[in-house]
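If you want the building blocks of each chain, they are given just below.
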Amino acid sequence: MESELEKLTNAIIAGKRKDAAAATKNLVESEKADKILGALIAGMDNIGRRFKANEIFVPEVLVAARAMKASMEILEPVLVAAGIAPEHCVVIGTVEGDLHDIGKNLVAMMLKGANFKVVDLGVNVSAEAFADAAMENKADIVCLSSLLTTTMDYMRVVINEFKNRNMATKIMVGGAPVTQEYADEIGASGYSADATSAVELAKKLVA
Amino acid sequence: MSDFPEKSFCIIACDVFKKELEERASLSRAKSCEFFKIGLHIRPDELRTELQKAIDECARKHSPDYILLLCGLCGNATLGLKSDDCELVIPRIHDCISMFLGSSQKYFELKRNHPRAYFASSGWIDSDLLPSQKLFESQRKAFEEKYPDDEEMVDELMDAFAEQFKEYNTYFYTEFSDCPNCRLECEKYAKFMNWQFRQIESDPKFFEDAITMNWDERFLIVPKSRPIKRGSSENILEA
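Residues numbered from 1 in each chain as written. Chains lettered and ligands numbered in written order. Predicted model: local features only at pLDDT ≥ 70, side-chain atom pairs only at ≥ 80, totals over all residues. Heavy atoms only, no water.

### What to know about the interface of chain A and chain B
So the rule is basically this: Contact criterion: two residues are considered in contact whenever any of their non-hydrogen atoms come within 4.5 Å of each other. The term buried area denotes the loss of accessible surface (1.4 Å probe radius) that occurs when two parts are joined, taken as the sum for both partners. Whenever a carboxyl oxygen of Asp or Glu lies within 4 Å of a side-chain nitrogen of Lys or Arg, that contact is scored as a salt bridge. Whenever a nitrogen or oxygen atom comes within 3.5 Å of another N or O atom, the pair is scored as a polar contact, on the condition that within protein one atom can donate a hydrogen and the other can accept it, and that pairs from neighbouring residues in sequence are kept only if both atoms are in side chains. Secondary structure counts use DSSP, requiring at least four H or I residues in a row for a helix and at least two E residues in a row for a strand, with both numbered from the N terminus. In the scheme used here, Gly and all other residues not listed as nonpolar or charged are polar, with Ala, Val, Leu, Ile, Met, Phe, Trp, Tyr, Cys and Pro taken as nonpolar and Asp, Glu, Lys and Arg as charged.
Taken together, the contact pairs 26 residues of chain A with 28 residues of chain B. For the pair chain A and chain B, the two sides together bury roughly 2200 Å², of which 49% comes from carbon and sulfur. The tally of links from chain A across to chain B stands at 9 salt bridges. Of the charged contacts, one joins Asp101(A) and Lys166(B) as a salt bridge, the two residues approaching to 2.8 Å between their closest N and O atoms. Taken together, chain A and chain B are joined by 11 residue pairs in polar contact (both at pLDDT 80 or more). Broken down by secondary-structure element, the contributors of at least two residues to the side of chain A that touches chain B are α2 (17-30) and α4 (58-81) of chain A. No other element matches α4(A), which puts 6 residues into the side of chain A that touches chain B. For the side of chain A that touches chain B, the residue count by class is 11 nonpolar, 7 polar and 8 charged.

Structure below.
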């Protein structure tokens, strides 16, 4: 017999928004918040791994993310009411010149699931906008995403903007063409290859 | 006039350049020309494996002095490629658009001024991979086959499929092949997507220099047994 937590994980994997919302509504009555978040993360982790292995495609990832969003919308006020407010803030965006946001949205969703406050600046974000938002929100971490080899070099521009403003905010980078070697070269605080490891890295950076 | 008059070469080209190459076959004295599948840049590891196989086979079959790779960095797919038997030549470009426009500089300029542009060319039109009514219909069919009893899911997936293109607003069409129908097709695509359509000027010189061995600093010549590496933002590629 499938438990309600398993139902939630499976609804995320199947991309069933209504089922995810229904399972979350049931769970908030009886289950601890961290268990519910864990079930969500487990679902998205499964999606992330299968996407990487080319077993599923972009639209299937997007519907899973939408299901997780539907669940988070129910869960967030419950977390706030229970006093489980996010301790750390992340500003996230896709760098200037780049319009791709699927990976960025996945990371944002997973960070929310890990109880970070996430300020999503969207796509085509300038270095100044990243630095302004980080200052305004007193961000602990800024996450930069890029899907194109033509735009990844803009990550360096963003990092230099923070240096010029003497801001010590940690900067994480990721996206298809980005590597650990490249992250080291441009002076990023860290690199992650997928959404799950991005959450691990973010936790480590604020620890 | 070739810079390498005594040397032989073969071409391994992306399908995106098929029409352009066929129309200019008489200009080039390449010993052979092989094509690889368009669109594989989204799976760079797979493309790298395909290309390495094609390089090794071409070197074994034709023993050329050079193999010209008619592609670019293509999502980092060409990083790590090498040959122990001949030198590789590759234009210092990120992708095919620079080749159509005539230089990487023109590409960057265009992207800066029009960040919401979606590029198209005759090769891309032929691929059926561009956002269009045809692509949306084939995608819907694929989802219907995968989720036969769940129309709601199919609708949701199609909505998500469309979401991938939400940030674009203009088809930028470029060509230097003779394909009036391709332009018309692209105009139809733009109408379906509710985007604007613009034809941008292309410049075949870079392409023609590539296939006639006029390999100056715009091209990377990779010595035997050395892998292609990522270069600086100006150089793009190095060895």
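### Considerations on the side chain of Asn115(A)
Here is the rule: Categorising residues by exposure relies on relative accessible area from a 1.4 Å probe, with only protein chains included: less than 20% of the type maximum marks a residue as buried, more than 50% marks it as exposed, and the intermediate range marks it as partly exposed.
Looking at where Asn115(A) falls in the secondary structure, it is placed in the loop between α5 (102-113) and β2 (117-120). Since its relative accessible area comes to 19%, Asn115(A) is described here as buried.

### Considerations on the sheet that holds strand β1 (residues 9-14) of chain B
All names here are of chain B. Which entries qualify depends on this criterion: Whether two strands pair comes down to DSSP finding at least two bridges between them. Axis definition: a line fitted to C-alpha atoms, over the contacting stretch in the case of helices. Angles run 0 to 180 degrees between N-to-C directions.
Within the open sheet, the 5 strands sit side by side as β2-β1-β3-β4-β8. Their pairing is mixed. Edge positions in the sheet fall to β2 (33-36) and β8 (219-222), since each has one partner strand and no second. Each strand of the sheet is rotated relative to its neighbour by a mean of 20°, with strand direction disregarded. On the sheet, helix α2 (residues 44-62) packs against β1, β2, β3 (66-70) and β4 (87-91) and is oriented at approximately 155° with respect to β1.

### Here we look at the nonpolar core
Here is the rule we go by: Buried Ala, Val, Leu, Ile, Met, Phe, Trp, Tyr and Cys residues form a nonpolar core when they are joined through side-chain atoms within 4.5 Å.
The biggest cluster of nonpolar side chains holds 130 residues, and the ones touching the most others in it are Leu70(B), Tyr171(B) and Ile228(B). The element best represented in this core is α4(A), accounting for 11 residues. Excluding residues that lie within four positions of it along the chain, Tyr171(B) makes contacts with Tyr118(B), Ala120(B), Leu130(B), Pro131(B), Cys186(B), Tyr189(B), Ala190(B), Met193(B), Trp195(B), Gln196(B), Phe197(B) and Arg198(B). Membership of the second largest hydrophobic core comes to 27 residues, among which are Val91(A), Tyr154(A), Ile171(A) and Tyr182(A).

### A short note on the environment of Trp124(B)
Residues and elements named next belong to chain B. Here Trp124 is to be found in helix α5 (residues 122-127). Of the residues examined, Trp124 reaches a relative accessible area of 14% and is grouped as buried. Setting aside its immediate chain neighbours within four residues, Trp124 contacts Val16, Ile38, Gly39, His41, Cys96, Leu129 and Leu130.

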